[in-house]
Amino acid sequence: MALVRLAAFCSHGGSNFAAIADAAARGEIPIHVALMVHNNAQAGAKEKAGKRGIPAVWLPRSRFADDDAYAAALIELLEAHEIHLIALAGFMQRIPSAVVGRFRERMTNIHPALLPLFGGPGFYGMRVHRAVFEAGMKVSGPTVHLVDEQYDHGPILMQRAVAIDDCASPEEIAARVLTEEHKLYPEALGVLARGGFEVQGRRAMRVPTR
Ligand code: GRF
């Protein structure tokens, strides 16, 4: 099967990006990670891209007068690299709706909690894990979902519950969930690249693939 060309979007460490790139390089998923876009000059993801020979492009929103100009630059960049799939991996910047529309059902995000719980505006980074901890949850875990115009809202592709009843701090929950993110995100992208999801309203159904 021909490899699907993917761009990862990162703002920070990029451990999910690295997990996806490494699964692809090992031939576990039919994906070629062709580009990493970041909006933070200091992003650790940059070094991870360099080590793996993946082109990294720094494209901060602040360089553009408005959303339209930012969207046009993103689309031009993605087309130049013949990108078919986008994986948001810790990307702390709203994606302009023109890009969401262009990549409808071809753009994913990973959220470090079981959506629709602990998601939406304001739920990012350690804030998510603190809220999960304070709620006394016994399970948490990553959600991979399609991106639509609202935060943490598009159809859910995959989730994995992780027991956290013995976690003594939000940091412990974060570490446990992150380990699972690194397995779940490549897996979900592999199924998506194979055409293994069919979206019906809010539900993404698994369908057989060849
Ligand atoms: C992850 O916890 C992910 O769920 C969230 O941002 C974090 C990114 O971590 N969206 P990394 O940059 O992949 O290490």
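Given the structure is predicted, the values throughout are model-derived calculations rather than measurements.

### Quick look at the site of the ligand
Move 1: As a structural note, the neighbourhood of the ligand is formed by Gly 13, Gly 14, Ser 15, Asn 16, Gly 90, Ile 110, His 111, Pro 112 and Glu 181.
Move 2: Note that an oxygen atom of the ligand is positioned 2.8 Å from one of the backbone N or O atoms of Gly 14.
Move 3: Within the backbone of Ile 110, an N or O atom sits 2.9 Å from a nitrogen atom of the ligand.
Move 4: Protein burial of the ligand: of its 360 Å² of free accessible surface, 82% is covered by the chains.
Move 5: Sorting the residues of the shell around the ligand by element identifies helix 1 (15–25) and strand 5 (107–111) as the ones contributing at least two each.

### A short note on the packing of helix 5 (residues 126–134) against helix 6 (residues 170–193)
Geometry of a packed helix pair, given as the angle between the helix axes and the separation of the axes.
Move 1: One can describe the packing of helix 5 onto helix 6 by two numbers: an axis separation of 8 Å at closest approach and a directional angle of 115 degrees. Judged by the inter-axis angle, helix 5 sits roughly perpendicular to helix 6. Note on packing geometry: the crossing formed by helix 5 with helix 6 is right-handed. Where helix 5 approaches helix 6, its residues Met 126, His 129, Arg 130, Val 132 and Phe 133 are matched on the opposing element by Pro 170, Glu 171, Ile 173, Ala 174 and Val 177.
Move 2: In terms of residue class, the contact of helix 5 with helix 6 is built from 7 nonpolar, 1 polar and 2 charged.

Reading the values: rules and limits
Numbering of residues starts from 1 in every chain and runs along the sequence as written. Local features in this predicted model are restricted to residues whose pLDDT is 70 or higher, and side-chain atom pairs enter the listing and the counts only when it is 80 or higher, whereas totals over whole chains, interfaces and linings include all residues. Side-chain numbers here rest on the full set of heavy atoms in the structure, without hydrogens or water. Note on terminology: near, applied to a residue and a molecule or strand, indicates that one of the residue's heavy atoms is within 4 Å of it. Side-chain atoms alone can form a polar contact between residues adjacent in sequence; in general such a contact is a pair of N or O atoms within 3.5 Å, and within protein one must be able to donate a hydrogen while the other accepts it. The method behind every accessible area is Shrake-Rupley, applied with a 1.4 Å probe, and residues are considered shielded solely by the protein chains displayed. Segments assigned H or I by DSSP are reported as helices when at least four residues long, segments assigned E as strands when at least two residues long, and all are numbered from the N terminus. Axis lines are fitted through C-alpha atoms, for helices just across the contact stretch, and the angle between N-to-C directions can take any value from 0 to 180 degrees. When an angle is under 35 degrees it counts as roughly parallel; over 145 it counts as roughly antiparallel; between 65 and 115 it counts as roughly perpendicular; any other value is oblique. Two helices cross in a left-handed way if the nearer one is turned anticlockwise from the farther one by less than a right angle. They cross in a right-handed way if the turn is clockwise. Residues are treated as being in contact if the distance between any of their heavy atoms lies within 4.5 Å. When residue character is reported, Ala, Val, Leu, Ile, Met, Phe, Trp, Tyr, Cys and Pro are called nonpolar, Asp, Glu, Lys and Arg charged, and the others, Gly included, polar.

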